[in-house]
Amino acid sequence: MEPSSVLSDGTIRRLVAEERIRIDPWDDGMVQPASVDLTLGNSFRVFHNHRVTAIDLREPPTDLTEQVTIGEDEPFVIHPGEFCLGRTAEWVELPDDIVARIEGKSSLGRLGLIVHATAGFCDPGWKGTLTLELANLTRVPIKLWAGLPIAQLSFMTLDRPAEVPYGHPDLGSHYHGQVEATESRYEGGPADRTASGGGVG
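Residues numbered from 1 in each chain as written. Predicted model: local features only at pLDDT ≥ 70, side-chain atom pairs only at ≥ 80, totals over all residues. Heavy atoms only, no water.

(A) How the structure looks around the overall build of the chain. Tallying secondary structure elements over the chain gives 2 helices and 13 strands in all. Considering the chain as a whole, with its 201 residues, one finds that 43% of them fall into the buried category. Of the accessible surface of the chain, which amounts to about 10,800 Å², a share of 51% is contributed by carbon and sulfur atoms. (Helix = DSSP H or I, 4+ residues; strand = E, 2+ residues; numbered from the N terminus. Buried < 20%, exposed > 50% of the residue type's maximum accessible area, 1.4 Å probe, protein only. Areas by Shrake-Rupley, 256 points an atom, 1.4 Å probe, with all protein chains shown as cover.)

Pasting the structure below:
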């Protein structure tokens, strides 16, 4: 059994060329030494805090968010202490023997912008855009623009292909093939096997 390893820039380029990893649109200039930069999409989901008094994870509420789409030259403003969902502009597909992890860019973190609260993991077999959990930790609003580099995606190999990859009918994967930022589909309780499945889904 070979240990898993983080993929280098050359390996990432090779696997993309071989179409084992798909990132669409692909920009070779976004490849870093051990990751690929991803850009911000143009749609967000904002929370309607006035609709519920609390979020009960045993009976999760629905319709907590509303989709907002911005124009090419229009900013999306995330206010101090605010949490919302965004998405990457890129569509990502992984084979059944590779996982990925999304991380914020350090330059944005130093400005107080968080891009994922907990869900930074992409399962093998993932297909879709990646949902971002955006939070502004500062005391001033932050303007976000579609197309700006927002995160980086690193890749790791599994010791062997997953027997039941994400999207398999037996899993009931909640976020497989998502295009827009998708609100939580958490069902509560131990039976919800895919509550965190897909990670950035």
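(B) Region of the structure containing the pairing of strand β8 (residues 98–104). Of the pairings in the sheet, the one linking β8 to strand β13 (residues 149–157) comprises 7 bridges and is antiparallel in character. Paired with I102 across the two strands is L153, which belongs to β13. Taken together, the 2 bridges between β8 and strand β10 (residues 121–122) define a ladder with antiparallel strand orientation. Its bridge partner lying in β10, A100 is registered against C122. (Pairing = 2+ DSSP bridges.)

(C) Representation of the side chain of D37 within the structure. Considering the arrangement of structural elements, one finds D37 in strand β3 (residues 35–39). Its relative accessible area of 8% is what places D37 among the buried residues. A polar contact is formed between the side chain of D37 and the side chain of K105, at a distance of 3.2 Å. Non-local contacts of D37, meaning those with residues more than four positions away in its chain, are made with M30, Q32, K105, A151 and Q152. (Polar contact = N/O pair within 3.5 Å; in protein donor to acceptor, adjacent residues only side chain to side chain. Contact = heavy atoms within 4.5 Å.)

(D) Layout of the pattern of salt bridges. Taken as a whole, this structure holds 7 salt bridges when the rule is applied. Between E93 and R22 there is a salt bridge; the shortest N-O distance is 2.8 Å. A residue pair is termed long-range when its members are at least 10 positions apart, and E93 in strand β7 (residues 83–93) and R22 in strand β1 (residues 22–24) qualify at 71 residues. You can call E93 buried: its relative accessible area is 18%. (Salt bridge = Lys/Arg side-chain N within 4 Å of Asp/Glu carboxyl O.)

(E) The nonpolar core, seen in detail. Within the largest apolar cluster, 37 residues are counted, with the highest numbers of intra-cluster contacts made by L144, L153 and F155. Ranked by residue count, the leading element in this core is β13, at 4 residues. Not counting residues within four places of it along the chain, the set of residues in contact with L144 comprises L40, F44, I70, E74, P75, F76, I78, L113 and L134. (Core = buried A, V, L, I, M, F, W, Y, C linked by side-chain atoms within 4.5 Å.)

(F) A look at the pairing of β13. Sheet analysis places β3 next to β13, joined by 4 bridges and oriented antiparallel. Paired with D37 across the two strands is Q152, which belongs to β13.

(G) Geometry of the sheet that holds β10. In space, the 5 strands of this open sheet follow the order β2-β3-β13-β8-β10, with antiparallel pairing throughout. Edge positions in the sheet fall to β2 (31–32) and β10, since each of these pairs with one other strand and no more.

(H) Spatial organisation of the environment of F47. With respect to the secondary-structure elements, F47 resides in strand β4 (residues 43–47). The spacing of F47 and F83 is 36 residues in sequence and 7.7 Å in space, taken between C-alpha atoms. In this structure F47 touches L64, T65, F83, C84 and L85, once residues within four positions along its chain are discounted.

(I) Structural view of helix α1 (residues 9–17). Of the positions making up α1, those classed as buried are I12, L15 and V16. Along the axis of α1, the buried residues cluster in a sector spanning 100°; they form a single face. Here the buried face of α1 lies against β3, β8 and β13. Where α1 ends, the next residue or the one after it, E19, has phi of about 65°, a positive value. (Arc of directions from axis to C-beta.)

(J) Summary view of the side chain of S35. The residue S35 is located in strand β3 in this model. Looking at S35, the relative accessible area reads 8%, which means it is buried. Ignoring sequence-local partners within four residues, the contact set of S35 consists of I12, M30, Q152, L153 and S154.

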